[in-house]
Amino acid sequence: MRALPVTTLACLVVPAACGRGGNAGSARPPGHASLVYYETYDPRSLDPALSTDVPTGEMVALAYDGLTQFDPDGKLLPALADRWTISRGGGGGGGGGGGGSLRYVFHLRAGVRFHDGTRLTPAAVRQSMLRVLAPGTRGGRAWPLYPIAGTEAYAAGRASDVTGIQLLGDSAVAFDLAEPLAIFPKFLAMPVAAVVPAPLPPQADLGQHPVGTGPWRFVSWQHDDYLVFARNPDYWGGPPAADTLTVRIIPEPLTRAAEFEAGRLSVMEVPFGETTRWRQQHPDLLLEKPALRVVYVALNNRRGPLRDARVRQAINYAVNVPEVLASVYGGRGILARGAIPPGLAGSDTTRPGYHYDTVAAKRLLAAAGYGSGIALQLWRNTSNVELARVAQAVQAQLEPVGIKIELVERDASSQREAARKGETDMVVLDWWADYPDGDNFLYPLFYSGSVGPGGNYAFYVDPVTDSLILRARRTTDDAARSALYREIDARVYRAAPWLYLWFPTDLWAKRPDVRGWDVPVIFNGQHWTGARRAP
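Just so it is clear, the structure is predicted and the values come from calculations on it, not from any experiment.

**So, the overall build of the protein chain**
Within the protein chain, the secondary structure is distributed over 15 helices and 20 strands. Scaling as 2.2 N^0.38, a compact globule of 535 residues should have a C-alpha radius of gyration of about 24 Å, and the protein chain matches this with 24 Å. Residues classed as buried in the protein chain amount to 55% of the 535 residues present. Looking at the protein chain alone, contacts between residues at least 24 apart form 69% of all its contacts between residues at least 6 apart. For the protein chain, the computed accessible surface area is about 21200 Å², with 50% contributed by carbon and sulfur atoms. Separation of charge centres in the protein chain, based on 55 positive and 52 negative side chains, amounts to 2 Å.

Next comes the structure, spelled out in structure tokens:
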């Protein structure tokens, strides 16, 4: 189906916005009541239990709420729970943590209702999580709930209930954790932890017709074309400033740019290849912010010459990263001196580190016994143009120091599967934050228990690093935990399990008449509640 004009969509949803129906005299000026966003592909589902992709996560953030939420800068805020309390004790701790946090009690806001009028209750919270964890639920990502005692056994079908989720009267729910985890409230802001009505009607299909408590009520979905949402006038946080939000599906970056310039999109991420033009021609429209993302090449620490840290360090010295960043990403990035992006506690972008030095690279290779050179394979994903170009640049820059690179091209799923199995020497990747915390760039990427499918594609294993990561997770004092993050990041960086490249910078354009919108550093941090079009 050919996409309907955005103004037509707005009129279908809110006739008053176009001067028809209702009290035309009090209607907002035509078009000013509507906002238009986009996704690069159709959401997999609108059901939080099946939220595994960014478009689904962003749509869930519009229609649903969790107990907590993120703002555009990644700050954790109350949502359906207006406050929570923590019981300390047990489980190690240290580093100023004063012990772990084993029980969290979340107190629900009074008077919140779902879009169908159902009242929010602690039972709805519990049932929403059991629904995600149910052994019959397939294809979701339930791991943010696994810290709760009994959840993994329930999900595996080994238990008939979850002992760690308890109702406290009609206004609170308690979570008992299997082991201390200081960042647990951030897990509850993730899409999979969003709350749905309980009980659900027998024929309910949240995947196609979402019913949440969120700021936007679902109106329609024309697959692979657009979704339409209308403001929730009863939203607990106050109704959105705009009347409607249309989300179009536009895969091609240059098409998105053309639609934005024609005034048919409210905001747009500037394509990497268009960075210079937009900086020169539209500087007044641009918003820039460091992303919670890292671009790197995982070096398999278990394969051949890469088992030697000196070889891995040599690779880091042999690549002129600033040059690659400028040529491939238009300079949109901050050089990585670790894995934790700027803006997160524990990051250190000024850490002394690797720089372009081919003499040092050759010296390290010779010291490791590879003075005559080595041959390695570098895997790249054919569907990601920028990362494919990064791989080519790395190949060209490693050759002069005696490292011959064979590029292996695969589709995204084949590359990921090979990396998980440890079949790649080197693989170029980017890692996006699931939750805005330094832990998300340490535990999945460098903890020994995360090797392979868990995200540790470098197969980096170090008992000291493991101990420090677990200690940080149990440490409830923010300053002490941040210090541990910096210590871990520095230790891993010295071992060079990656070729460290950069932290991308998000560059967005915003229409001149759009107010109250900011670039979100985390994918579900923009709820569009304050965004509006000025008359």
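What follows picks up the thread again.
**Description of the packing of aromatic side chains**
The description of an aromatic ring pair uses the distance of the two centres, along with the angle that the planes make with each other. One pass over the structure, following the stated rule, counts 27 aromatic pairs. Taking 5.7 Å as the distance between ring centres and 65 degrees as the angle between the ring planes, the aromatic pair formed by F175 and F184 counts as edge-to-face. Taken as a pair, F175 and F184 share a single burial class, namely buried. When the ring of Y235 is compared with that of W236, the centres are 4.9 Å apart and the planes differ by 45 degrees; the resulting orientation is tilted. W236 sits in the partly exposed class, given a relative accessible area of 24%. These aromatic residues form a ring-pair network of at least three members: Y296, Y317, Y354, F446, Y460, Y493, W498 and Y500. Over the face of the ring belonging to F272 we find R332, whose NZ or CZ atom lies 4.3 Å from the ring centre. Sitting above the plane of the F260 ring, R511 keeps its charged end 5.3 Å from the centroid.

**Quick word on the packing of helix α8 (residues 309–318) against helix α10 (residues 358–367)**
Axis separation between α8 and α10 bottoms out at 8 Å; the angle between their running directions is 165 degrees. Considering the angle they form, α8 stands roughly antiparallel to α10. Judged by the sense of rotation from one axis to the other, the crossing of α8 with α10 is left-handed. Here R310, V311, Q313, A314, Y317 and A318 of α8 come into contact with α10, specifically with T358, A360, A361, L364, L365 and A367. Classifying every residue of the contact of α8 with α10 gives nine nonpolar, two polar and one charged.

**With respect to the nonpolar core**
Among the nonpolar cores identified, the biggest contains 115 residues, and L67, F175, M426 and W498 are the most heavily contacted of them. Formed by 40 residues, the second largest nonpolar core is a distinct cluster that contains F218, A242, I249 and W508.

Quick notes on the rules
- Residues numbered from 1 in each chain as written.
- Predicted model: local features only at pLDDT ≥ 70, side-chain atom pairs only at ≥ 80, totals over all residues.
- Heavy atoms only, no water.
- Helix = DSSP H or I, 4+ residues; strand = E, 2+ residues; numbered from the N terminus.
- Rg over C-alpha atoms; globule rule 2.2 N^0.38 Å.
- Buried < 20%, exposed > 50% of the residue type's maximum accessible area, 1.4 Å probe, protein only.
- Contact = heavy atoms within 4.5 Å.
- Areas by Shrake-Rupley, 256 points an atom, 1.4 Å probe, with all protein chains shown as cover.
- Lys, Arg positive; Asp, Glu negative; His and termini not counted.
- Charge placed at Lys NZ, Arg CZ, Asp CG, Glu CD.
- Phe/Tyr/Trp six-rings, centres within 6.5 Å; stacked < 30°, edge-to-face > 60°.
- Lys NZ or Arg CZ within 6 Å of the ring centre and 35° of its normal.
- Axes fitted to C-alpha atoms, helices over the stretch in contact; angles between N-to-C directions.
- Parallel < 35°, antiparallel > 145°, perpendicular 65-115°, else oblique.
- Left-handed = near helix turned anticlockwise from the far one by under 90°.
- Nonpolar A, V, L, I, M, F, W, Y, C, P; charged D, E, K, R; others polar.
- Core = buried A, V, L, I, M, F, W, Y, C linked by side-chain atoms within 4.5 Å.

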